[in-house]
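A structural walkthrough
The residues making up each chain are set out below.
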Amino acid sequence: LKTPLIAGYSFKGGMGRSTNLAYLSLFFSFQKKKIVVFDFDFEAPGITTFFFNAKERVNSEGLVDCITQLNIDEKINPADYLLQLAPDKLTGVGSLYLFPTGIDHKPEHYLDKLSKIDFDTSYFKEVILKILKKIEESLSPDLFIIDLRAGIHESNGFILNELSDLNFLFFNDFAR
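The structure reproduced in this document is the subject of the present report.

Rules of the game
Residues numbered from 1 in each chain as written. Predicted model: local features only at pLDDT ≥ 70, side-chain atom pairs only at ≥ 80, totals over all residues. Heavy atoms only, no water. Axes fitted to C-alpha atoms, helices over the stretch in contact; angles between N-to-C directions. Helix = DSSP H or I, 4+ residues; strand = E, 2+ residues; numbered from the N terminus. Parallel < 35°, antiparallel > 145°, perpendicular 65-115°, else oblique. Left-handed = near helix turned anticlockwise from the far one by under 90°. Contact = heavy atoms within 4.5 Å. Buried < 20%, exposed > 50% of the residue type's maximum accessible area, 1.4 Å probe, protein only. Pairing = 2+ DSSP bridges.

Observations regarding the packing of helix α3 (residues 63-70) against helix α4 (residues 107-115)
Closest axis-to-axis distance for the α3/α4 pair is 10 Å, and the angle between their directions is 50°. Comparing their axes, α4 and α3 come out oblique. The interaxial crossing formed by α3 with α4 has left-handed handedness. Facing V64, D65 and T68 of α3, the residues of α4 in contact are Y110, K113 and L114.

What about helix α6 (residues 154-163)?
Residues of α6 that are buried include every one of S155, N156, F158, I159, L160 and L163, and no others. On the buried face of α6, the contacting elements are β1 (5-10), β2 (34-40), α5 (122-139), β5 (143-148) and β6 (166-170).

What to know about the sheet that holds β6
Pairing in this open sheet of 6 strands is mixed, and the strands run β3-β4-β2-β5-β1-β6 from one edge to the other. This sheet does not close on itself; its edge strands, each paired only once, are β3 (83-84) and β6. By the bridge criterion, 4 bridges tie β1 to β5 in an arrangement that is parallel. Bridge pairing links L5 to F144 in β5. Packed onto the sheet, α6 meets β1, β2, β5 and β6 and runs at close to 140° relative to β1.

As structure tokens, this is what we get:
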């Protein structure tokens, strides 16, 4: 990939990962950068809710849909799944795109689609690379930001170790 990629990770939910990554994406967009944010937190997606209300999200398929449909049709354009934050919300600077999980679009089918993805395969890695490269080609973003799922998962390891240029680990010291 040519585009730098930042990934945010936590061992458990509720550590402020999505909140901080949302603010980070806004910070870079205020610096006149074109940012693409991915919600890879498939079990508890939420970063998209910082920017779009439920009515806006319900009409948008997401990452889960794109991954499963790319398995059927190679001609799918991942950029078609992105939600763009209106420029007036960014005071006219930068560009901010979000790739939701798709949980809000026909939520009754979300778990079924999610269960069809084998995150532990080389195919998953190929599809994610294909999605990132196609978005690079169509949008030429300055930065990718990925909000990963909490916990230990093969998909997280792939992104943190093989794709990401910078990783943020979010945690809390409850031992005190």
